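# Notes for the structure review
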Amino acid sequence: MSGTLNKVMLIGHLGDEVKIHYFEGGNCIARFPLATNESYTNRQTGEKVTNTDWHNIVIRNKAAEVCEKYLSKGDKIYVEGRLKNRQWQGEDGQPRYTTEVHVQDFTFLTTKANSGAVQNNQPTSNVQNTATSKPVDAPAASNAPEQEDDLPF
């Protein structure tokens, strides 16, 4: 196999609010930490153990604005993207390194609106967004008759 692959898929909870930074020319970048958990039972003690890993998430431009508008700390999100490593010089002169997930696609699994609705025992709607699209509202009711499809399942 001569090709390479750099793909990351994560489902986790935001560890902080989305922080967005605007640049000259109108572009922007959003960053937030994402927590993923691994749970298992310790065979020797029978105790349930949960390990949390933290991931630095980076989203750009319109998708960043969508995330800032709809996400808050604790919300659950699916992200898909690429790993990127960055290096810079710290204030103390030492080199610093970080690994980030640069998001190409995402889906909100819970949002600010859904969180409040769940607490008030109200039904929630599924909100899905991709890095290249705007949030979509529920489709309007249509008076057109439903057409049958001939799919075997």
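Position labels on residues start from 1 in each chain and follow its written sequence. Residues qualify for local features only when their pLDDT is at least 70, as the model is predicted, and side-chain atom pairs are given and counted only at 80 or more; totals for whole chains, interfaces and linings, by contrast, use all residues. Water and hydrogen atoms were dropped before computing side-chain values, which therefore reflect all heavy atoms in the structure.

## What about the overall build of the protein?
From N to C terminus, the protein includes two helices and six strands. A run of H or I in DSSP becomes a helix once it reaches four residues, and a run of E becomes a strand once it reaches two; helices and strands are each numbered from the N terminus. Across the protein, helices and strands are ordered from the amino to the carboxyl terminus as β-β-β-β-α-β-β-α. Each residue gets one of three labels from its accessible area relative to the maximum for its type: buried under 20%, exposed over 50%, partly exposed in between, using a 1.4 Å probe on protein chains only. Expressed as a percentage of its 153 residues, the buried residues of the protein come to 28%. Within the protein, counting contacts between residues at least 6 apart in sequence, those at least 24 apart form 57% of the total. For the protein, the exposed surface amounts to about 11,500 Å²; the carbon and sulfur share of it is 47%. Should any heavy atoms of two residues lie within 4.5 Å, those residues are counted as being in contact. Every accessible area reported is derived by Shrake-Rupley at a probe size of 1.4 Å, with residue values counting cover from the shown protein chains alone.

## Points about the pairing of strand E6 (residues 95–108)
Any two strands between which DSSP finds at least two bridges are classified as paired. Taken together, the three bridges between strand E4 (residues 48–60) and E6 define a ladder with parallel strand orientation. Bridging across to E6, Val-58 finds its partner in His-102. Connecting strand E5 (residues 76–89) to the next strand, E6, in antiparallel fashion are five residues, including Gly-93 with a positive phi near 90 degrees.

## What about helix H1 (residues 61–70)?
Those residues of H1 lying buried are Ala-63, Ala-64, Val-66 and Cys-67. Projected down its long axis, H1 carries its buried residues within an arc of 160 degrees, all on one side. Along its buried surface, H1 packs onto strand E2 (19–22), strand E3 (28–41), E4 and E6. This arc is taken over the directions from the axis of the helix to the C-beta atoms.

## Topic: the pattern of salt bridges
By definition, a salt bridge exists where a carboxyl oxygen of Asp or Glu is found within 4 Å of a side-chain nitrogen of Lys or Arg. Applying the stated criterion across every chain, the model contains six salt bridges. Across the pair Asp-16 and Lys-19 runs a salt bridge, and its minimum N-O distance is 2.8 Å. For Asp-16, a relative accessible area of 30% translates into the label partly exposed. In this structure, Asp-92 and Arg-96 form a salt bridge, with 2.8 Å as the shortest nitrogen-oxygen distance. Residues participating in the shared-partner salt-bridge network are Arg-31, Arg-86 and Glu-100.

## Section: the side chain of Thr-36
Inspection of the secondary structure assignment puts Thr-36 in strand E3. A polar contact of 2.8 Å, which involves the side chain of Thr-36, links it to the side chain of His-55. Excluding anything up to four places from it in sequence, Thr-36 contacts Leu-10, Ile-11, Gly-12, Asn-51, Thr-52, Asp-53 and His-55. N or O atoms within 3.5 Å of each other form a polar contact, as long as, within protein, one can give a hydrogen and the other can take it, and as long as residues adjacent in sequence are counted only when both atoms are side-chain atoms.

## Let's talk about the environment of Val-103
Within the secondary structure, Val-103 sits in strand E6. Along the primary structure Val-103 and Arg-60 are separated by 43 residues, whereas in three dimensions their C-alpha atoms are 8.0 Å apart. Once residues within four sequence positions are removed from consideration, Val-103 is found in contact with Ile-57, Val-58, Ile-59, Val-79, Glu-80 and Gly-81.

## Let's talk about the confidence of the model for the protein
Each residue carries a pLDDT score, the predictor's own confidence in it, on a scale running from 0 to 100. For the protein, per-residue confidence averages 81 on the pLDDT scale, and 71% of positions sit at 70 or higher. Averaged over each element, pLDDT in the protein is lowest for helix H2 (residues 112–119) (54) and highest for strand E1 (residues 8–14) (97). Segment residues 117–146 is flagged for pLDDT under 50; beyond a separation of four residues in sequence, or across chains, it makes 28 contacts in the model.

## A few points about the packing of aromatic side chains
Aromatic pairs are defined between Phe, Tyr and Trp rings, using the six-membered ring for Trp, whenever the two ring centres lie within 6.5 Å; interplanar angles under 30 degrees are classed as stacked, those over 60 as edge-to-face, and all others as tilted. Inspection of the entire model under this criterion finds two aromatic pairs. Aromatic pair Tyr-70 and Phe-108: ring centres 6.2 Å apart, planes at 40 degrees, arrangement tilted. Here Tyr-70, found in helix H1, pairs with Phe-108, found in strand E6; they are 38 residues apart in sequence, far enough to count as distant. Judged by its relative accessible area of 3%, Phe-108 is buried. In this structure an aromatic cluster arises from ring pairing among Tyr-70, Phe-106 and Phe-108.

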